Amino acid sequence: MDTGKELLFFFSALGVFNGIILGVYFFFFTKKKYLTNYFLGALLFALSIRIGKSVFVYFHPELPKMYLQFGLTACFFIGPFLYYFIKSAVEEVQIMPKSWKFILAFWATLIVAVGILYPYEAYPKLWGGYLIRIIYFQWFVYIVSAGFELRGVLKKILSRKEKTTPAEMWFGMLFLGNFLLFLFYFLSIMGASGATYISGAVVFSFILYLGISILLYRKKTDDLFLLNGKISNKKIESADARMWSDKLENAMFEKSLYKNPNLTLQDLSQEINISSHQLSQFLNNNLGKNFTSYVNEFRINEACKIITSSDKLTLESVGYDVGFNSKSTFFAAFKKHTGTTPLNYQLQALQS
């Protein structure tokens, strides 16, 4: 390769590498775990694999056909990830609905099954003819659907009549960037003059570096993932709500987590394998309680059992035994949950 091609290869390949790194960041290292973070991370992974395939095949066309299949398989997920990334932000969804999981599982099963039964190496005409058209049609349908979900924001950006928030500009930029990527690849497949696969890689790298510069420039990035600037007040679906409730009660009863006076929201969320944000949303929106009230209910119920069954322990020691770290906190919480003081409750228990 000459110097120009070497620079182009380096710039494109570096974009792919940075895309993977940024995807890892959105999956594991953002302070607040919004569902949009995960979908953006997944979208970056899919795009990076797709772009990586284009880069290496463009500069090394002698590579095995397996790389082409791998890239097209990743391409099959770009549209769905983009759509659910946008939809989760617009509708303020924080826990993935079962219908989304089913659709993603369906696409994954379909493309993997086709890849195993009809590998690119043995069926190049099938992949290069029919399947690539199906993949790009699916991508296009999801881009249109994502644009429809984001239509209010896009209209606001394009009209310039209203001031846009940083989150609206962020989502608008990511959507338009994905649309440009699709357009460049589609024109390349259609054989348009001047359109090549490597053009998509260059566009991806440019958009990626623009996104990275925004993240580095802004001291606060959490607001980029909340279009309305606040956490959703929507309830979790009933099936998921029952599952979360059962998991929480099992964790609290089996391990007596409430007896830990230093128990935190993050500790409890890790115990049942969900994010602290998801747990907070569930407690507030579905149960109508905050974390402290939820935990204190278990503590007070246990305290009532101890007070009823034994009069040998002091009330203060009962409070410490069930997880309170001070007498005053125990007494205040007890009266709030039972309507009476621990002493009155003890006297009533002795008289009955």
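Source: prediction; values computed, not measured.

Asks: Any chance you could break down the overall build of the protein for me, citing the residues and the numbers?
Replies: Counting its secondary structure elements, the protein contains 15 helices and zero strands. Counting across all 352 residues of the protein, residues that qualify as buried make up 47%. The contacts in the protein between residues at least 6 apart in sequence include a share of 70% that link residues at least 24 apart. Roughly 18900 Å² of accessible area belongs to the protein as shown, and the carbon and sulfur atoms make up 62% of that amount.

Asks: An account of the nonpolar core is requested, with residue identities and associated values reported.
Replies: If you look at the biggest cluster of nonpolar residues, it comprises 53 residues, and the most contacted ones within it are F39, L40, F81, Y136 and W139. Listed by contribution, the elements that provide at least two residues to this core are α1 (3-28), α2 (35-59), α3 (66-90), α4 (98-117), α5 (124-149), α6 (151-159) and α7 (166-189). Counting residues per element, this core draws most heavily on α3, which supplies 13 residues. When residues no more than four places from it in sequence are discounted, the contact partners of F39 are F81, Y84, F85, S88, M96, W100 and L104. Membership of the second largest hydrophobic core comes to 19 residues, among which are I272, F282, Y294 and F298.

Asks: An account of the confidence of the model for the protein is needed here, citing residue identities and associated values.
Replies: On average, residues of the protein score 77 in pLDDT, and 73% of them reach the 70 mark or higher. Averaged pLDDT values for the elements of the protein fall to 59 in helix α8 (residues 197-217) and rise to 91 in α4.

Asks: Explain the environment of Y25 residue by residue, including any values.
Replies: Note that Y25 resides in helix α1. Take Y25: its relative accessible area is 30%, and that puts it in the partly exposed class. Each C-alpha atom, one on Y25 and one on G41, is 7.5 Å from the other, the two residues being 16 residues apart in sequence.

Asks: Tell me about unusual backbone geometry, residues and numbers included.
Replies: Note: most peptide bonds trans; most residues except glycine with negative phi. The backbone of S256 shows a phi angle near 50°, a positive value even though the residue is not glycine. Note on placement: S256 falls in the loop between α9 (238-255) and α10 (265-271). On the accessibility criterion, S256 (25% relative accessible area) is partly exposed.

Asks: Give a detailed account of the pattern of salt bridges, specifying residues and quantitative values.
Replies: Between side chains of opposite charge, a pair can form when the charged atoms approach closely. With the rule as written, the count across this model stands at three salt bridges. Residues K289 and E297 are paired through a salt bridge, measuring 3.0 Å at the closest nitrogen-oxygen approach. Its relative accessible area of 26% is what places E297 among the partly exposed residues.

Asks: Provide a residue-level description of the packing of α3 against α5, including the pertinent values.
Replies: Helix-helix packing is described using two parameters, namely the angle between the two axes and the distance between the axes. It is at 9 Å that the axes of α3 and α5 come closest, and there the two elements cross at 10°. As the angle between them shows, α3 and α5 are arranged roughly parallel. Looking at the contact of α3 with α5 residue by residue, the class counts come to 17 nonpolar, five polar and two charged.

Asks: Give a detailed account of a nonpolar patch on the surface, specifying residues and quantitative values.
Replies: Taken together, F179, L180, L183, F184, F186, L187, I189 and M190 make up a surface patch of nonpolar side chains, about 630 Å² in accessible area. By secondary structure assignment, the location of F184 is in helix α7.

Asks: Just give me the short version of a positive patch on the surface, but keep the residues and values in it.
Replies: Side chains of K98, K101, R242 and K247 sit close together on the surface and give a patch of like positive charge. At the level of secondary structure, the elements contributing two or more residues to the positive patch comprise α4 and α9. Structurally, R242 is set in helix α9.

Cut-off values and rules
- Sequence order as written defines residue numbering, which begins from 1 separately in each chain.
- Since the coordinates come from a predicted model, pLDDT governs what is reported: local features require at least 70, and pairs of side-chain atoms require 80 or more to be given and counted, while whole-chain, interface and lining totals use all residues.
- Hydrogens and waters are ignored; side-chain quantities use all the structure's heavy atoms.
- Counting from the N terminus, the helices are DSSP H or I runs at least four residues long and the strands are E runs at least two residues long.
- Buried, partly exposed and exposed residues are distinguished by accessible area as a fraction of the type maximum, computed with a 1.4 Å probe on protein chains only: under 20%, between the cut-offs, and over 50%, respectively.
- Whether two residues are in contact is decided by their heavy atoms, any of which lying within 4.5 Å being enough.
- The method behind every accessible area is Shrake-Rupley, applied with a 1.4 Å probe, and residues are considered shielded solely by the protein chains displayed.
- The nonpolar core is taken to be a set of buried Ala, Val, Leu, Ile, Met, Phe, Trp, Tyr and Cys residues, with the residues joined through side-chain atoms within 4.5 Å.
- For every residue, the predictor states its confidence as a pLDDT score lying anywhere from 0 to 100.
- In the sections that follow, a salt bridge refers to a side-chain nitrogen of Lys or Arg positioned within 4 Å of a carboxyl oxygen of Asp or Glu.
- Each axis is a line fitted through C-alpha atoms, taken for helices only over the stretch in contact, and angles between the N-to-C directions span 0 to 180 degrees.
- For this classification, under 35 degrees means roughly parallel, over 145 means roughly antiparallel, 65 to 115 means roughly perpendicular, and everything else is oblique.
- Residues are grouped as follows: Ala, Val, Leu, Ile, Met, Phe, Trp, Tyr, Cys and Pro are nonpolar; Asp, Glu, Lys and Arg are charged; all remaining types, including Gly, are polar.
- Distance thresholds for patches are 9 Å for like charges and 5 Å for nonpolar side chains (Val, Leu, Ile, Met, Phe, Trp, Tyr), applied to residues having over 30% relative accessible area and no salt bridge.
- Under the convention used here, Asp and Glu are negative, Lys and Arg are positive, and both His and the chain ends fall outside the count.
- To locate a charge, take NZ of a lysine, CZ of an arginine, CG of an aspartate or CD of a glutamate.

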